[in-house]
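Given next are the chains, with one letter for each unit.
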Amino acid sequence: MQGATGKRYIFVFIITLAIFVFAIWLSENISNRKIQQLNSIQESIAINILSSETQFALLSELSCKDVSASTLSGELNTLSEKIDFSEKNLGNEAEIIQLKKYYSLLEIKDYLLMQKITERCDQKLFSILYFYTTATNCSECVKQSFVLTSLREKYPELRVYSFDYNLDLSALDALVAIFKIEDTKLPALIIGDTKTTGFRSIEEIEEMLPELVKIREEREAAALEAETADSATTAKLIGE
Amino acid sequence: MGALQDTIFYVLSFLSLYLQVFLLITFLDRKEDILIRRKPIKLKHYPSVTIIVPCYNEQGTIRKTVRSLLNLDYPMDKLDIVLVDDGSTDGTFTVLKSFSDIKNIRVIQKENGGKHTAINLGLELTKTELVGGLDSDSFVHKEALKRIVSYFTDKETMAVCPSIIVHEPKNFLQKAQKAEYDMSIYTKKMLAFLGGIHVTPGPFSIFRKSVFDTLGPYTKAHNTEDQEIALRMHYAGYKIEHCPDAYVYTITPNTLPKLYRQRLRWLYGFIRNAVDYRKLWLRPKYGTVGILTLPFGMVSLWSLLFLFTFLLIQIIDFVKSKILKVQAVGWEQGAGVGFEWFYMKTGATIFILIAIYSLVTFGLLIGRRMSGERMRLKASDIYFVLVYRLFAPLWIMKAMWNSVWSKESSWTNERKVK
């Protein structure tokens with residue numbers, strides 16, 4: 001009888017196992033790099049916030065003109081998207097949860113800083129606190145996230161702070177207590193001083209933030225004017 | 001993925017990868033022994049051969065099939081052709097009769113009784129040293145018989161299978177099958193090296209007549225008599241060879257219902273025969289067929305089913321999320337984040353699938369080379385992946401279901417759909 005020997009079966013088993021181990025190692029390695037990247041983004045955000053806080057503490061008593069709303073929200077947004085992706089696709093659960101907690105803390109700090117700037121310097125800042133859950137299959141939350149992402153793209157002035165209700169973090173618990181958020185009524189939004197629960201569409205949120213819409217309209221009008229002026233100048237130049 | 005889904009994935013993909021590595025190692029070890037002859041050969045001795053052609057409603061192709069046999073480069077006084085009409089209801093018998101004047105052709109008509117009865121009738125009339133069949137939808141290469149016969153110089157070889165190539169693939173289903181058939185040339189040769197061929201296909205597998213004298217004629221064998229005889233031979237310790245340069249061209253199903261019925265019959269037969277011959281399973285005495293071919297054949301069925309389910313879940317999730325997005329913000333799409341390596345999926349499953357598919361592609365390329373074509377991929381090979389990912393689970397599930405309830409799918413039924 002022809003056929004493969006027992007040795008060959010073992011040899012092939014070892015090679016197959018080696019390919020498997022390599023695939024797992026490669027995947028782990030890439031995941032670790034991704035987490036490292038998240039860590040370094042978070043570090044830089046933390047430094048920026050600390051620096052803004054310090055700047056604010058130094059200058060607030062004297063003048064408000066040097067205090068600018070930091071450009072952090074953009075960075076916070078990309079970080080939020082990356083953490084979201086990692087939670088769904090990378091294996092290292094414990095590490096991702098740590099990252100998520102840190103991220104939530106940074107959000108709260110940024111939120112507090114912005115509150116202070118608004119109060120003392122009379123700058124108009126628009127923020128939304130958004131509470132969602134990952135514990136239950138919350139399709140309303142998924143829809144709400146799409147709406148908020150779309151709003152952020154439409155209004156760069158808008159800062160959205162999103163919090164996973166089920167994250168075990170004392171600072172977040174305090175925030176939940178302050179705004180009396182209940183887990184049965186998610187998604188929940190805090191827009192200015194108003195609390196709403198359940199899904200809110202783009203139009204509904206825009207109605208609650210008329211000033212934000214106004215700023216956008218003014219900006220668009222200004223841009224249009226500049227464009228008209230530009231083309232008028234060009235026409236004049238050609239005319240000459 | 002859930003933990004259960006993960007475990008199933010890892011077990012099935014490990015076994016699939018194991019089989020592919022096994023084939024690769026065999027290839028690397030034995031590649032010098034793969035004999036591909038491009039020019040006509042001469043044999044020292046031409047043994048007498050009978051070719052039996054069972055026909056059922058094949059008036060469209062049978063003429064070409066017989067002509068290809070008459071065109072074989074083999075001494076005609078050593079070649080007998082028996083054409084058996086298995087009670088066709090179309091003009092097949094009239095076509096067959098037109099050949100009855102030729103000296104070495106015999107035409108027989110019988111009542112319909114299934115393919116195995118038609119071949120068995122031919123076997124009763126066979127007086128030659130070697131005997132084989134040719135399905136009436138297939139044509140042989142001029143050199144095929146000589147090349148196959150050359151393998152019988154090894155006294156231990158009891159049967160030799162050819163390489164089957166899809167005849168003039170036209171639509172996407174046939175092109176998908178072409179890739180599959182090309183790949184199976186590679187698989188078959190490697191299994192032949194290992195002594196693990198589990199089917200001696202109807203089109204032009206040639207046997208020593210003594211096989212049937214000793215082991216008995218074909219049986220119904222769940223309408224896959226060509227699988228059963230191979231397993232019976234393994235049980236008797238017979239050696240089955242594969243001649244990669246003996247080309248047989250076959251017409252493959254060109255519509256989904258026809259393909260479905262053919263595959264249902266094959267798979268149902270595979271499952272039932274594998275169960276009937278469970279005495280071969282995992283017994284080193286019977287070699288590779290019991291340790292590798294049959295168990296891994298079953299594994300590949302489950303793998304295809306699992307991959308299909310896995311894909312289906314992903315598609316459903318994707319559609320669900322799209323629907324939610326449209327409900328939330330309408331059809332208007334945002335600018336998007338653009339490409340960033342961070343968002344590439346890099347789970348271990350991806351790399352394992354890449355490894356398996358690379359080895360499968362390698363097999364396809366080698367098979368293509370053995371079939372005499374250039375060693376390159378074609379755009380239409382993607383149909384193979386699509387058809388087998390999307391449709392194969394249909395006939396796999398149905399074949400499994402039928403196996404449990406013993407529902408047969410017949411050869412004649414398959415031909416009625418034409």
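Just above, that's the structure.
Bear in mind that the values here come from a model prediction, so they are computed numbers and not experimental data. (Residues numbered from 1 in each chain as written. Chains lettered and ligands numbered in written order. Predicted model: local features only at pLDDT ≥ 70, side-chain atom pairs only at ≥ 80, totals over all residues. Heavy atoms only, no water.)

## Some thoughts on the packing of helix H6 (residues 172-194) of chain B against helix H12 (residues 381-390) of chain B
Residue and element names in this part refer to chain B.
At step 1: At a minimum axis separation of 7 Å, H6 and H12 run at an interaxial angle of 95°. What the angle tells us is that H6 and H12 run roughly perpendicular. In contact with Phe172, Leu173, Lys175, Ala176, Gln177, Ala179, Glu180 and Met183 of H6, H12 contributes Asp381, Tyr383, Phe384, Val387 and Tyr388.
At step 2: Of the residues belonging to the contact of H6 with H12, the class tally is 9 nonpolar, 1 polar and 3 charged. (Axes fitted to C-alpha atoms, helices over the stretch in contact; angles between N-to-C directions. Helix = DSSP H or I, 4+ residues; strand = E, 2+ residues; numbered from the N terminus. Parallel < 35°, antiparallel > 145°, perpendicular 65-115°, else oblique. Contact = heavy atoms within 4.5 Å. Nonpolar A, V, L, I, M, F, W, Y, C, P; charged D, E, K, R; others polar.)

## Remarks on a nonpolar patch on the surface
At step 1: Taken together, A:Ile10, A:Phe13, A:Ile14, A:Leu17 and A:Val21 make up a surface patch of nonpolar side chains, about 460 Å² in accessible area.
At step 2: When its relative accessible area of 39% is taken as the criterion, A:Leu17 is described as partly exposed. (Patch = residues over 30% accessible without salt bridge, like charges linked within 9 Å, V, L, I, M, F, W, Y side chains within 5 Å. Areas by Shrake-Rupley, 256 points an atom, 1.4 Å probe, with all protein chains shown as cover. Salt bridge = Lys/Arg side-chain N within 4 Å of Asp/Glu carboxyl O. Buried < 20%, exposed > 50% of the residue type's maximum accessible area, 1.4 Å probe, protein only.)

## Some details on the sheet that holds strand S4 (residues 130-133) of chain B
Residue and element names in this part refer to chain B.
At step 1: Pairing is mixed in the open sheet, where 8 strands are placed in the order S3-S2-S1-S4-S7-S6-S8-S5. Edge strands, defined here as strands with exactly one partner in the open sheet, are strand S3 (105-110) and strand S5 (138-140). The mean angle between the axes of side-by-side strands here comes to 30°, regardless of whether they run parallel or antiparallel.
At step 2: The sheet contact formed by S4 and strand S7 (residues 206-208) spans 3 bridges and is antiparallel. Within S7, the position partnered with leucine 130 by the bridge is arginine 208.
At step 3: Strands in contact with helix H8 (residues 225-235) are strand S6 (157-166), S7 and strand S8 (239-250); relative to S8, the strand with the most contacts, it is inclined by about 160°. (Pairing = 2+ DSSP bridges.)

## Thoughts on the state of the cysteines
At step 1: By the definition in use, this model includes 1 disulfide over all chains.
At step 2: What pairs with A:Cys138 in a disulfide is A:Cys141, and their sulfur atoms sit 2.0 Å apart. Taking the sign of the S-S torsion, about 75° here, the bridge from A:Cys138 to A:Cys141 comes out right-handed.
At step 3: Free of any disulfide, B:Cys161 has its nearest cysteine sulfur in B:Cys243, 9.9 Å distant.
At step 4: Given a relative accessible area of 0%, B:Cys161 falls into the buried group. (Disulfide = S-S within 2.5 Å.)

## Observations concerning the interface of chain B and chain A
At step 1: Taken together, the contact between chain B and chain A spans 44 residues of the former and 38 residues of the latter.
At step 2: Summed over both partners, the interface of chain B with chain A comes to about 3600 Å²; 72% of that surface belongs to carbon and sulfur atoms.
At step 3: By the criterion of area lost to chain A, the three top residues of chain B are B:Phe14, B:Phe342 and B:Tyr343, representing 18% of everything that side buries.
At step 4: Taken together, the links from chain B to chain A amount to 1 salt bridge.
At step 5: Residues B:Asp29 and A:Arg8 are paired through a salt bridge, measuring 2.6 Å at the closest nitrogen-oxygen approach.
At step 6: Summed over the shared surface of chain B and chain A, the number is 7 residue pairs in polar contact (both at pLDDT 80 or more).
At step 7: At the level of elements, helix H1 (3-30), H6, S8, helix H10 (288-329) and helix H11 (348-370) of chain B are the ones that each hand at least two residues to the side of chain B that touches chain A.
At step 8: Per-element tally for the side of chain B that touches chain A: the top contributor is H1(B), with 10 residues. (Buried area = accessible area lost by both parts, 1.4 Å probe. Polar contact = N/O pair within 3.5 Å; in protein donor to acceptor, adjacent residues only side chain to side chain.)

## Some details on the side chain of B:Thr65
Residue and element names in this part refer to chain B.
At step 1: With respect to the secondary-structure elements, threonine 65 resides in helix H2 (residues 62-70).
At step 2: Its relative accessible area of 0% is what places threonine 65 among the buried residues.
At step 3: At a separation of 3.1 Å, a polar atom in the side chain of threonine 65 contacts the main-chain carbonyl oxygen of serine 136.
At step 4: In contact with threonine 65, not counting residues within four places along its chain, are Val53, Leu134, Asp135, Ser136, Asp137, Ser138 and Phe139.

## Description of the sheet that holds strand S1 (residues 126-132) of chain A
Residue and element names in this part refer to chain A.
At step 1: The strand order S2-S1-S3-S4 describes an open sheet built from 4 strands, whose pairing is mixed. Here the strands that pair on one side only, and so sit at the sheet edges, are strand S2 (158-164) and strand S4 (194-197). Strand-to-strand, the axes of this sheet are offset by a mean angle of 20°, without reference to chain direction.
At step 2: Summarising the sheet, S1 and strand S3 (residues 188-191) pair through 4 bridges and their orientation is antiparallel. Paired with isoleucine 128 across the two strands is isoleucine 191, which belongs to S3.
At step 3: Helix H3 (residues 93-121) rests against S1 and S2 of the sheet, and its axis sits at about 140° to S2.

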